[in-house]
Amino acid sequence: MFGSIDPLLLLASLMVAATPIMLAAIGELVVERSGVLNLGVEGMMITGSIVGFIAAIMTGSPWLGFIAAAFGGAAMALLFGMLTQLLMSNQVATGLALTLFGLGLAALMGQGYLGVKAPSFPDWDIPLLGDIPIIGPIVFQHDPMVYVGLTIVAGVWFFLNKTRAGLVLRAVGENHEAAHALGYHVVRVRLLAIMFGGACAGLGGAYLSIVRVPTYADSLTAGAGWIALAIVVFASWKPGRLLLGAYIFGGMTVLQLNLQAAGLPLLDVLPWIFGVIAVLILIWGITVSRSLSNNLITIVASFASFAVLASGYRALGWSFNDQLWLSASPYIATIVVLVIISAGGAPGSLGKTFHASR
Amino acid sequence: MHNLYDNSIAGAAMIKLEKRPQPSQFWSLAAPIVAVMLTMIFGAALFAALGKPPIEALGKIFWEPLFGEFNFFYLPQLLIKGAPLVAIALGLSLGFKAGVWNIGAEGQYIIGALCGAGVALALYPMEARWLIFPAMLIAGAFGGFAWAMIPGLLRVKFGTNEILVSLMLVYVAEQLLASMALGLMKNPDGFGFPGSRNLSQYSSASSWIDQSNGMHWGVVIALIGVIFAYTLFAKHILGFQIKLAGQAPRAAAFSGVSPARLVLFCLGTSGALAGLAGLTEVAGPAGLVSIDFNVGYGFTAIIVAFLGRLHPVGILFAGALMALTYIGGDVAQSSLGLPGAAIQVFQGMLLFFLLGVDVLTNYRVSMKQGSVA
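Residues numbered from 1 in each chain as written. Chains lettered and ligands numbered in written order. Predicted model: local features only at pLDDT ≥ 70, side-chain atom pairs only at ≥ 80, totals over all residues. Heavy atoms only, no water.

Colleague: Help me understand the overall build of chain B, please; the structure alone is not making it clear to me.
Modeller: Of regular secondary structure, chain B possesses 16 helices and four strands. The C-alpha radius of gyration computed for chain B amounts to 22 Å, which stays within 12% of the reference 21 Å derived for 373 residues, consistent with globular compactness. Its C-alpha atoms give chain B principal-axis dimensions of about 80 × 55 × 35 Å. Looking at chain B as shown, the accessible area adds up to about 15800 Å², and 68% of this sits on carbon and sulfur atoms. Charge centroids of chain B, computed over 19 positive and 15 negative side chains, lie 15 Å from each other. (Helix = DSSP H or I, 4+ residues; strand = E, 2+ residues; numbered from the N terminus. Rg over C-alpha atoms; globule rule 2.2 N^0.38 Å. Areas by Shrake-Rupley, 256 points an atom, 1.4 Å probe, with all protein chains shown as cover. Lys, Arg positive; Asp, Glu negative; His and termini not counted. Charge placed at Lys NZ, Arg CZ, Asp CG, Glu CD.)

Structural data, given as structure tokens:
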């Protein structure tokens, strides 16, 4: 059925496709675990992508580009941090402002750089590991930033679960009043977390402009920052699940691009995709959560009916705009994922303004 | 001891913020004005950094369109650019008051335009304005409403975050628009050019009332919207419930306000208003369904809503001001070569300053002489 699509290449490009969103999402995960909701990921990402791109062009070194992007993202995040933490502004509104401001700033800075090509960032052919058949090309023959991203995710997991500082950060996020009463510096912890989040978003953006595309365009991020926010929810604020979420998403992106390139009629595979999702959710419901809530049944039933509808539509032989639905699929899939995973697990103080009144 | 430092402004431990028992009336009105002035100062610095004469640039943006030599040309533009901003921001303000964050107005705007234009294009070249234009309005409002109901129903039924869903739907709507403008709605007599038939030249579908003065049905809808929203908040129980749900969700729930109904009302109304704004734009100033007829009003309206303090009359003024920055930005672009993106930065800066200055509305700054441990 997938005749013209090489599964090996698909899996190999999956890791690259997942990296920018993974970077942005892991930063936002830390921010949200500290109890702050920063909706400005998209703005910080696009700023990082242009700052990193300019620095890489000027110096000729992609590495310096990434470093500059991290600083650029962190600087934008600091703006958000000062407003929300020191001036107690509404986090949702300030995050939106950060996105609008970042998109404008990037467009302004990027004027002379449209269509310029980034300096090359060669893949890192790891000796020995890279030579393993099948696994080698899939896992061990990517550019170094793929592994930097994975290291950051592992580091965040270690930090949150195994270090004292991580415990403090989580305490601040779960209950800022209690953490404050215990003598922790709520605002200081949060400002640091916010800046880390900005730096990661900046790296993610720069990965798009320096490696993935590799050029700068005004709509470069195209919602990647928002998808990163959705992946944090999907991950229930856990680094391990975030990795899974980013890879599932990267896989879908790659599959979509491949389907588009292969010119395979989408309507032929759509009923199968819906059917498989329905069965997977059903199995997940039975085995993992061990209960079938009404919502879960509704979701499974709707996927089953989507499958039936799609095959019915196909049988009717009506026209179907493959390109439209494939291009829209990452966004629709994100919505679907958000609907399925609306589980709890959010940090207790998420999005609430903290003010030490006493 | 440390709690004194925690919320004091960067390093100066002597300045302390105390929460006001009631938001300050004075600062509630003064904050937007101070924010605009701060934005002008920092904007001027930005223009200077871009190598443009700062005072002249500000003059081109804020003075030239209103009082300049060619203001007869620019003043109608104020209505054209202000109307969609005001209409969308009014809808958004309902939700923002109640803690319902619809940030996908841009998508609802596009879908409203597509639905309304679809009606007109399907009936072309029938001459029956009494039928076609009202049908377009209904279709446009319904399109925006339906698109906003997706995040609304998902939030009510599954507890899905409406911020992310409404935003994702903007990208879906943009894909749909591209596919329509290049496919189904493409002008069959257009010699292969992308875009639909020109609706503003189709007398049964045009939303113009008086083109030379910038008057079109979108302006009427925005003004009706202001009156509607003002009455809602001043006279109607629903307006009170919206405010209550935002300020004290628990109290609202205990007093029998149905959160689900409020979510659907806020999202549905803002979607319908955005849809109407999109339709009147596409059948008037924009003229036709093209791949980029939308210019981001749905996002700028977020700034308008906050700048107008989520108050209908405030939104009217804020919409006019924001429209002025669009027009003035064009003037400065053509006369001084100021990049268009600089205006986007300028608008973003305005929202930042507003949110920052707003601290004075809710907190009192007090100078404390060294505290007692």
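After that view, the rundown keeps rolling.
Colleague: What exactly am I supposed to notice about the overall build of chain A here?
Modeller: When its secondary structure is counted, chain A shows 14 helices and zero strands. When the helices and strands of chain A are placed in sequence order, the string is α-α-α-α-α-α-α-α-α-α-α-α-α-α. The globule rule puts the C-alpha radius of gyration for 358 residues at 21 Å, and the 21 Å found for chain A is close to it. Going through the 358 residues of chain A one by one, you find that 54% of them count as buried. Sequence separation of 24 or more characterises 78% of the internal contacts of chain A that already satisfy a separation of 6 or more. When the 14 positive and 13 negative side-chain charges of chain A are each reduced to one mean point, those points stand 17 Å apart. (Buried < 20%, exposed > 50% of the residue type's maximum accessible area, 1.4 Å probe, protein only. Contact = heavy atoms within 4.5 Å.)

Colleague: When you look at the interface of chain A and chain B in this model, what are you seeing that I'm missing?
Modeller: One widely used convention gives an interface's size as the accessible area the parts lose upon coming together. Across the contact, 57 residues belong to chain A and 47 residues belong to chain B. Together chain A and chain B conceal approximately 4400 Å² of surface at their shared face, both sides included; 76% is due to carbon and sulfur atoms. Inspection of the region where chain A meets chain B yields zero salt bridges. Remark: the boundary between chain A and chain B carries two residue pairs in polar contact (both at pLDDT 80 or more). Listing elements by their share of the side of chain A that touches chain B, those giving two or more residues are helix 3 (62-86), helix 4 (91-109), helix 9 (186-212), helix 10 (224-234), helix 13 (294-316) and helix 14 (322-340) of chain A. The biggest single contributor to the side of chain A that touches chain B is helix 4 of chain A, with 13 residues. A breakdown of the residues in the side of chain A that touches chain B according to their chemical character gives 36 nonpolar, 19 polar and two charged. (Buried area = accessible area lost by both parts, 1.4 Å probe. Salt bridge = Lys/Arg side-chain N within 4 Å of Asp/Glu carboxyl O. Polar contact = N/O pair within 3.5 Å; in protein donor to acceptor, adjacent residues only side chain to side chain. Nonpolar A, V, L, I, M, F, W, Y, C, P; charged D, E, K, R; others polar.)

Colleague: Is there a simple way to explain the packing of aromatic side chains in this structure?
Modeller: How two aromatic rings sit relative to each other is given by the distance of their centres and the angle of their planes. A complete count under the given rule lists 25 aromatic pairs over all chains for this structure. On the numbers, 4.7 Å between centres and 15 degrees between planes, the contact of A:Y331 with B:Y171 is stacked. Of this pair, A:Y331 sits in helix 14 while B:Y171 sits in helix 8 (residues 162-182), each in a different chain. Aromatic pair B:Y109 and B:Y297: ring centres 6.2 Å apart, planes at 85 degrees, arrangement edge-to-face. Residue B:Y109 is located in helix 6 (residues 105-123), and its partner B:Y297 is located in helix 13 (residues 297-307); the two are separated by 188 residues in the primary sequence. (Phe/Tyr/Trp six-rings, centres within 6.5 Å; stacked < 30°, edge-to-face > 60°.)

Colleague: What should I look at first to understand the side chain of A:Q91 in this one?
Modeller: All names here are of chain A. With respect to the helices and strands, Q91 occurs in helix 4. A relative accessible area of 3% means that Q91 is categorised as buried. Filtering out sequence-adjacent residues up to four positions away, Q91 remains in contact with G35, V36, L37, F80, T84, Q85, G351 and K352.

Colleague: Explain helix 6 (residues 144-162) of chain A to me, please; I cannot follow it from the model alone.
Modeller: Because an α-helix packs 3.6 residues into every turn, residues spaced three or four apart end up facing the same way. Along its 19 residues, helix 6 of chain A runs 26 Å from first to last C-alpha, staying within 8% of the 27 Å computed at 1.5 Å per residue. Residues of helix 6 of chain A that are buried in the fold lie against helix 1 (7-33), helix 3, helix 5 (135-139), helix 7 (164-174), helix 9 and helix 11 (239-262) of chain A. (Expected span 1.5 Å × (residues − 1).)

Colleague: I would appreciate a short explanation of the environment of A:G95 in the present structure.
Modeller: All names here are of chain A. Here G95 shows up in helix 4. Placed 173 residues apart in sequence, G95 and D268 show a C-alpha to C-alpha distance of 41 Å. For G95, the contacting residues outside a window of four places in its chain are N38, L39, G40 and F80.

Colleague: Explain helix 9 of chain A here, please?
Modeller: Residues and elements named next belong to chain A. Counted at 1.5 Å a residue, the expected span for helix 9 with its 27 residues is 39 Å, and the 37 Å between its end C-alpha atoms agrees. Along helix 9, the sharpest kink reaches roughly 25 degrees, centred on A206. Across the 27 residues of helix 9, 22 count as buried, placing the element largely inside the fold. (Bend = angle between axes of the 7 residues up to and from the residue.)

Colleague: Would you take a moment to explain the pattern of salt bridges for this structure?
Modeller: Opposite charge on two side chains lets them pair, provided their charged atoms get close. Using the criterion set out here, one finds three salt bridges over all chains in the structure. A salt bridge links B:R155 to B:E162, with the shortest nitrogen-to-oxygen separation between them at 3.0 Å.

Colleague: Got a minute to help me understand the packing of helix 2 (residues 41-59) of chain A against helix 4 of chain A in this structure?
Modeller: Residue and element names in this part refer to chain A. Following both chains from N to C, one finds helix 2 and helix 4 inclined at 20 degrees, their axes separated by 7 Å at the closest point. Classified by the angle between their axes, helix 2 and helix 4 sit roughly parallel to one another. When the axes of helix 2 and helix 4 are compared, the crossing they make is left-handed. Contacts from V41, E42, G43, M44, I46, T47, I50, V51 and I54 in helix 2 reach L98, T99, G102, L103, L105, A106 and M109 in helix 4. For the contact of helix 2 with helix 4, the per-class residue count stands at 11 nonpolar, four polar and one charged. (Axes fitted to C-alpha atoms, helices over the stretch in contact; angles between N-to-C directions. Parallel < 35°, antiparallel > 145°, perpendicular 65-115°, else oblique. Left-handed = near helix turned anticlockwise from the far one by under 90°.)

Colleague: Is there a simple way to explain the environment of A:L326 in this structure?
Modeller: Residues and elements named next belong to chain A. The topology assignment puts L326 in helix 14. Residue L326 is classed as buried on the basis of its relative accessible area of 6%. A C-alpha to C-alpha distance of 9.4 Å links L326 and T253, two positions 73 residues apart in sequence. Those residues in contact with L326 that lie beyond four places of it in its chain are Q256, L259, Q260 and L266.

Colleague: Looking at this model, I keep getting lost on the packing of helix 6 of chain B against helix 12 (residues 259-282) of chain B. Mind explaining?
Modeller: Packed helices, taken two at a time, are described by the angle their axes make and the gap between the axes. All names here are of chain B. The interhelical angle for the contact between helix 6 and helix 12, taken along N-to-C directions, is 55 degrees, at an axis separation of 7 Å. Judged on the interaxial angle alone, helix 12 and helix 6 are oblique. Here helix 6 runs over helix 12; the crossing is right-handed. When helix 6 is examined against helix 12, the residues A105, Q108, Y109, G112, A113, G116 and A117 are found in contact with a partner set consisting of S270, G271, A274, G275, A277, G278, L279, E281 and V282.

Colleague: What exactly am I supposed to notice about unusual backbone geometry here?
Modeller: Excluding glycine, residues mostly carry a negative phi; peptide bonds, for their part, are mostly trans. Following A:V213, the chain continues into A:P214 via a peptide bond in cis, with omega recorded as -25 degrees. Looking at the element boundaries, A:P214 is found in the loop between helix 9 and helix 10. Look at the link from B:Y124 to B:P125: it is a cis peptide, with omega at 0 degrees. Along the chain, the position of B:P125 falls in the loop between helix 6 and helix 7 (129-158). Phi at A:A222 takes a positive value of approximately 40 degrees, unusual for a residue other than glycine. Structurally, the position occupied by A:A222 is in the loop between helix 9 and helix 10. Looking at A:A222, the relative accessible area reads 31%, which means it is partly exposed.

Colleague: I'm lost on the side chain of A:Q256 in this one. Help?
Modeller: All names here are of chain A. Position of Q256 relative to the elements: it lies in helix 11. Judged by relative accessible area, Q256 falls into the buried class, the value being 10%. In terms of polar contacts, Q256 uses its side chain to reach the backbone carbonyl oxygen of L326, at 3.3 Å. In this structure, Q256 is in contact with L326, S327, S329 and P330, ignoring residues within four places of it in sequence.

Colleague: Could you clarify how one ought to interpret a nonpolar patch on the surface in this entry?
Modeller: Residue and element names in this part refer to chain A. A grouping of L8, L129, I132, I134 and I135 is seen on the molecular surface, where their side chains present a nonpolar patch of about 410 Å² in accessible area. Among the secondary structure elements, L8 is positioned in helix 1. Classification of L8 by relative accessible area gives partly exposed; the value is 35%. (Patch = residues over 30% accessible without salt bridge, like charges linked within 9 Å, V, L, I, M, F, W, Y side chains within 5 Å.)

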